[in-house]
Amino acid sequence: MSRLYGDHYLLKNNVLHYVNLSYYSLKKDETDFLQLGFNCHIGGRYNPLIKQTELEIVYEQILHLAVSRRVIVNPGFEAFLRAESHLHRNRKLSTLPKRFIEAHKSIKSNPDIVLRKSDKSSTYVVLNKVDYFNKLNSILSDDTKFRKIKHDPTSLIKKEANRLIGLANSDLQDKKISQIIGNYSPAYLYGNVKLHKPDHPLRPIISQCPTPTYQLAKTINKIITPYLPSRYSLKSTNDFIGLLRTVKNGDGLLASLDVESLFTNVPVRKTIDIIIDCVYENPSLKAPSINKQTLKKILSLCTLDTPFRHPNGELYVQLDGVAMGSPLGPTFAEFYMSHLENK
């Protein structure tokens, strides 16, 4: 081999795909199962009711597009969907040995542990459930950032979002924003483990996929992203390499700065004002046709008013800072950091 390649060669190291931070002693079948890593997936049990509900939501959305004459619905389309709702496709048999399937069930049903992903790598982390909940509760104890609520406001948020979408669409000449149709639920909180830091803190992530404002946030994100100040931003690694090549004789200083807990420390209301200024006072780009106050209210609704659920079932809202798990999260962080850099 060394003669073939002309140099020494290195064999791939045996990587451990899991870290056990709990008091639970993993059995051999369980460690062997976790060692399969994130490329191993066990499909969930087929639920015909979920499929029928999802197809019904799709049908309602298509009918809404048909009313506005954006699509034409074939007369046999309803019958096709009805037939599809009774079919179970992708009947894949598991190729895993039975001992791995049993090991998966054993880990999942254990009431004392939680299986999470590490923050910076594809590694499983086994935690005591008590420790996991305590770390989440420690994050939520900051009453300047989070507040516990008693009632789920999701239906009211959906209603307000549709009202604002109606106002925005009255201003837009083309590419109307779709109305929100169907049933939704609060976002949900989970934490990825920072194995590279002392005491293994959690990176909180609030997944907003099930919320009524998720698709609206994605749409608004596409509208505001072109107005992001880019004077001190690099678009790619090639841009960075090109910048380094302009430095002559080692002149200058290369420094790396980091913001602690950037997403949760972004001041949302101030950032909304920054975004509005960048969008409507932009010297080179034409402002969108959406009314300024309507856009401002939509940004606020998608970031400050969306509730989320703790794994223990309790409901919260985030008073300040943006959520990892929101389509607007990275964009808000970039707008705020670009504002600071430009100052």
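To be clear, the structure that these remarks concern was listed above.
These figures come from a predicted structure and were not determined experimentally. (Residues numbered from 1 in each chain as written. Predicted model: local features only at pLDDT ≥ 70, side-chain atom pairs only at ≥ 80, totals over all residues. Heavy atoms only, no water.)

What about the packing of aromatic side chains?
- What the rule picks out here adds up to six aromatic pairs.
- Ring centres 6.2 Å apart and planes at 40 degrees place the aromatic pair Y59 and F77 in the tilted group. Of the two residues, Y59 is situated in helix α3 (residues 48–67) and F77 in helix α4 (residues 77–84); the sequence distance between them amounts to 18 residues.
- On the basis of relative accessible area, F77 is assigned to the partly exposed category, the value being 22%. (Phe/Tyr/Trp six-rings, centres within 6.5 Å; stacked < 30°, edge-to-face > 60°. Helix = DSSP H or I, 4+ residues; strand = E, 2+ residues; numbered from the N terminus. Buried < 20%, exposed > 50% of the residue type's maximum accessible area, 1.4 Å probe, protein only.)

With respect to the pairing of strand β5 (residues 187–193)
- Within β5, five of the seven residues are buried, which leaves the element mostly enclosed by the surrounding structure.
- Strand direction decides the pairing type here: β5 and strand β7 (residues 307–309), joined by two bridges, are parallel. For Y188, the partnering residue across the bridge sits in β7 and is R309.
- As paired elements, β5 and strand β6 (residues 202–207) share six bridges and run antiparallel to each other. Residue pairing across strands places N192 opposite R203, the latter belonging to β6. (Pairing = 2+ DSSP bridges.)

Re the sheet that holds β5
- Reading across the sheet, the five strands line up as β4-β8-β7-β5-β6 and stay open at both edges, with mixed pairing between neighbours. A single partner strand is all that each edge strand has here, and the edge strands are β4 (146–149) and β6. Averaged over all adjacent pairs, the angle separating strand axes in this sheet is 40 degrees, with direction ignored.
- Pairing geometry for β7 and strand β8 (residues 315–318), over three bridges, is antiparallel. Bridging across to β8, P307 finds its partner in V317.
- Helix α6 (residues 129–140) rests against β4, β5, β6, β7 and β8 of the sheet, and its axis sits at about 115 degrees to β5. (Axes fitted to C-alpha atoms, helices over the stretch in contact; angles between N-to-C directions. Contact = heavy atoms within 4.5 Å.)

Comments concerning the layout of surface pockets
- Reported here for the second largest pocket is a volume of approximately 650 Å³.
- In terms of lining residues, the second largest pocket is bounded by 27 residues, among which K194, L202, P204, S261 and T264 are the most central.
- Residue assignment for the lining of the second largest pocket shows that the elements contributing at least two residues are α6, β6 and α10 (262–265).
- The biggest single contributor to the lining of the second largest pocket is β6, with four residues.
- Across the lining of the second largest pocket, the residue classes break down as 13 nonpolar, five polar and nine charged. (1 Å grid on protein atoms, 1.4 Å probe; cavity = no way out; pocket = protein on both sides within 12 Å on 5 of 7 lines; lining within 4 Å. Points joined across faces, edges and corners; volume = space filled by probe spheres on them. Nonpolar A, V, L, I, M, F, W, Y, C, P; charged D, E, K, R; others polar.)

Digging into the sheet that holds strand β3 (residues 124–128)
- Here three strands make up an open sheet; going across it, the order is β1-β3-β2 and the pairing mixed. Every interior strand has two partners, whereas the edge strands, β1 (18–20) and β2 (113–117), have only one. Across this sheet, the average inter-strand angle for adjacent strands is 25 degrees, counted without regard to direction.
- In the sheet, β1 pairs with β3 via three bridges, with the strands oriented parallel. The residue bridging Y18 from the neighbouring strand is Y124, located in β3.
- Strands in contact with α6 are β2 and β3; relative to β3, the strand with the most contacts, it is inclined by about 90 degrees.

Let's talk about the environment of D112
- Considering the arrangement of structural elements, one finds D112 in the loop between α5 (98–109) and β2.
- Spatially, the C-alpha atom of D112 lies 29 Å from that of T264, the residues being 152 residues apart in sequence.
- Residues contacting D112, with those up to four places away along its chain left out, are L127, N128 and K129.

Section: the packing of α3 against α4
- As a packed pair, α3 and α4 sit with axes 10 Å apart at the nearest point and diverge in direction by 165 degrees. As summarised for this structure, α3 and α4 are arranged roughly antiparallel, according to the angle between their axes. When the axes of α3 and α4 are compared, the crossing they make is right-handed. Together, K51, L55, Y59 and I62 of α3 and F77, E78, L81 and E84 of α4 make up the contact between the two elements. (Parallel < 35°, antiparallel > 145°, perpendicular 65-115°, else oblique. Left-handed = near helix turned anticlockwise from the far one by under 90°.)

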